[in-house]
Amino acid sequence: MTHTPFPAATIVGYPRVGRFRELKKAQEAFWKGKITQDELRQAAADVQRTYYDRVIERGLSATDSSIPATFSYYDQVLDAVRLFTLVPKRLADAKDARGLLDLPGYFALARGTETLPPLEMTKWFDTNYHYLVPEIGPDTEITLNLEAIDEQLEVAKEHGVTVRPQLVGPLTLLLGAKAEQGSPEGFTPLDRLDDFVKAYQQVLAELAARGVQWVQLDEPGLTVDRDIPNAKIAELARKTYSALAAETNRPAILVTSPYGNLRENLPALLDTGIEALHLDLVSTLYNAEALTAFKDSGVTLVAGAINGRNIWRADLRALLHALQNINGGAVAVASSTSLQHVPHDLDLEDPADVPVDGLAFADQKVAEIVTLARGLADGESAVEAELKTADEALARFTADPRKHNAAIRERAASVKPQDFERPELKIRRDAQADLNLPKLPTTTIGSFPQTGDIRRHRAEARAGKITQQQLDEFLREEIASVIKLQEDLGLDVLVHGEAERNDMVQYFAENFDGFATTKHGWVQSYGSRCTRPSVLFGDVKRSGEGLRGEAVTVPWISYAQSLTDRPVKGMLTGPVTILAWSFVRDDQPREETANQVALALADEIADLEEAGIRIIQVDEPALRELLPLRRDEQPAYLAWSVNAFRLATSAVEDKTQVHTHLCYSEFNEIIDSINALNADVTSIEAARSHMELLADIPESYVSGLGPGVWDIHSPRVPSQAEVEELIRAAIGYGTISDLWVNPDCGLKTRDYEETKRTLKNVVAAAKKVRASL
């Protein structure tokens, strides 16, 4: 068994949707029946070919396996489900006549159909990416299907590129899966590890038969503390990779460990016979002993030195010196994580809009990696021109006057302990009683469908084809329509629909100092869903004169409230979510940045109250997202993140009802912190898990709770009976003092037809259950 040496420069993943979201457009056209499966495949091949061209232009080799075959039609974990045909019995109809998952069946598991619910979805470690959760039982069949891999290999071969297939590793796959419904008590997918090791051995043999030299197995699951003892996980890692490495007919194995520190799993993996091991050197610190352990192991250290999750230009000179000090520079240079978490290309942006001196997107990060690798191989003088360019750009960025505002920093530094406190819940409930809400009050999370007409009007205003006044008149008409629709449907607490907002974070970034927004900085969130994270690079306040700036949401919410006697919620995005869904400055602690954002939001809340708004929702869907993967690092994060929310919301009057919303997460891990937010009502996504999340709500939880009864990430319209069943299931947990009825999340991505049909069922179900109480 002989293999080519591991390349000196590589990445461990790349954005997959295309520089101009070509894959997204093709996916959605296919789902609507506007293009054929062959046309979708052609669009996918075009995206892959462009990717190969871009990274080769920036210095990666087409022939040494430095380029991973990182493409996915939807999600890398769902790709593993397709690879092994891991279809739970309840979704067996997704299989084709061969008993495999073809592309339509693959999409059925991701999105659901009229008859099949989708797989559950949750966050990928501490990122804003979502993955599909496999369901594996003791008798789940494993049937290999390499069609998707073969498709990528064929595209690469035709394009003259030698690629490295990229797969989710067996331990991460099983640790991230859930037990199939009906599994025996105590069963976990990890119990099937031996079966999956054999399956991965088969995959390796198949790849070797196809001439593959290197394979990449991603194991971020080994950087997380779990209920399973760490020593047991380390032993399973040793056992798994010893078995895979012992195979004689296989490619060389690169194991990656993005997002955190391997800790006890590092020596275990070095002792297995794998050829290369990637470490994330950005998100965590490895001590000298851990790094020098590579010297005698025969394993290539792949140093994840370039940040794969943020967009700041690297200090190349300092990084080169640091890498030269690791085992005498005998390392390969890589990204810390897949570059799927950053946009494609900074060259697409206008320097007038974003501070380009301080930034690097995926393509620029590839060039940084190649520069570092060349500097290690040929010496610092060989890359002096590139180092000097980086030095000068960073100096300009550091001196940018838009980054610094002494008054903002002074205000944040003067915050006192009482600024984080509200009176006890009973006092607030008494003050809010005159809202006269029924039992099981119905509401939505905030946004209503963003129609083509809405997007067209906003685009025409940006292009100067219509005036701002014309846009505002259109938006007021849209708000009036949304208010009337909600009144007709019978909802109890209304929203204005957010027609003026293109994104729940970008909207505030456009109205806050200290932020920049991109035109083409798209990043995949899940499937075809993409977002444009804002760039938080300076001190933050609301834009406008003075330290408090000018109101952002008040005109729209006030107008909506003027149209109805029912309460309309003020809708804000919370400080932690604004940070989580932005690219955040790294020149100061995040706690300081979060408090600046919180104070800007507190100013907005005060103006909403002054305008007579009695219910204000401050969304924190990303609260769990930033939670460190290791338990000993979590308390510090939870302390400052909870305090940021409380700083934003604690100055309100007792009669003002504060809501918050949280997205797909393992809520049980942070339930005490959710309680500590001290919100009056918390809504969570619970429909796709069939209310199982509520089992983790302790009796000590006394605030209102709105578990979602409509999975808005699927195009299905749940029936009234389904919604009723979910409401009764929520009541059945018996730990909730005030239960609300709402969708899982905002309705931005849904269309009006399914929105009307589903909300009608939601209101009817709530009324029926309410009458039976």
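Residues numbered from 1 in each chain as written. Predicted model: local features only at pLDDT ≥ 70, side-chain atom pairs only at ≥ 80, totals over all residues. Heavy atoms only, no water.

The protein is annotated in an unreviewed UniProt entry as 5-methyltetrahydropteroyltriglutamate--homocysteine S-methyltransferase from Rothia aeria. In UniProt, the protein has this text filed under Function (unreviewed entry): "Catalyzes the transfer of a methyl group from 5-methyltetrahydrofolate to homocysteine resulting in methionine formation." Among the UniProt annotations of the protein, the heading Pathway (unreviewed entry) holds the following wording: "Amino-acid biosynthesis; L-methionine biosynthesis via de novo pathway; L-methionine from L-homocysteine (MetE route): step 1/1." (UniProt positions renumbered as here; feature names shortened; annotations may be inferred.)

Asks: Break down the pairing of strand 11 (residues 332-335) for me, citing the residues and quoting the values.
Replies: When strand 10 (residues 300-306) meets strand 11, the two strands line up parallel, connected through four bridges. If you follow Ile306 over to strand 11, its bridge partner there is Ser335. (Pairing = 2+ DSSP bridges. Helix = DSSP H or I, 4+ residues; strand = E, 2+ residues; numbered from the N terminus.)

Asks: Before we move on, can you summarise unusual backbone geometry with the specific residues and values?
Replies: Phi is positive for Arg21, close to 60°, though the residue is something other than glycine. The residue Arg21 is located in the segment before helix 1 (22-31) in this model. Unusually for a residue other than glycine, Asn327 sits at a positive phi of about 50°. Positionally, Asn327 belongs in the loop between helix 11 (316-324) and strand 11. Judged by relative accessible area, Asn327 falls into the buried class, the value being 13%. (Buried < 20%, exposed > 50% of the residue type's maximum accessible area, 1.4 Å probe, protein only.)

Asks: Could you give an account of the environment of Ala639, naming the residues involved and the relevant values?
Replies: Tracing the chain through its elements places Ala639 in helix 22 (residues 634-649). Owing to a relative accessible area of 41%, Ala639 belongs among the partly exposed residues under this scheme. Measuring from C-alpha to C-alpha, the distance between Ala639 and Glu591 comes to 9.3 Å, with 48 residues separating the pair along the chain.

Asks: I'd like a rundown of the sheet that holds strand 17 (residues 582-584), residues and numbers included.
Replies: Reading across the sheet, the three strands line up as 12-15-17 and stay open at both edges, with mixed pairing between neighbours. Two strands lie at the open edges of the sheet, namely strand 12 (512-516) and strand 17, each paired on one side alone. Each neighbouring strand pair of the sheet contributes to a mean axis angle of 45°, computed without reference to strand direction. Sheet topology note: the strand 12/strand 15 (residues 534-542) ladder contains four bridges and is antiparallel. Along strand 15, the bridge assignment pairs Asp513 with Lys541. Of the strands in this sheet, strand 12, strand 15 and strand 17 touch helix 21 (residues 590-610), which is tilted by about 55° from strand 15. (Axes fitted to C-alpha atoms, helices over the stretch in contact; angles between N-to-C directions. Contact = heavy atoms within 4.5 Å.)

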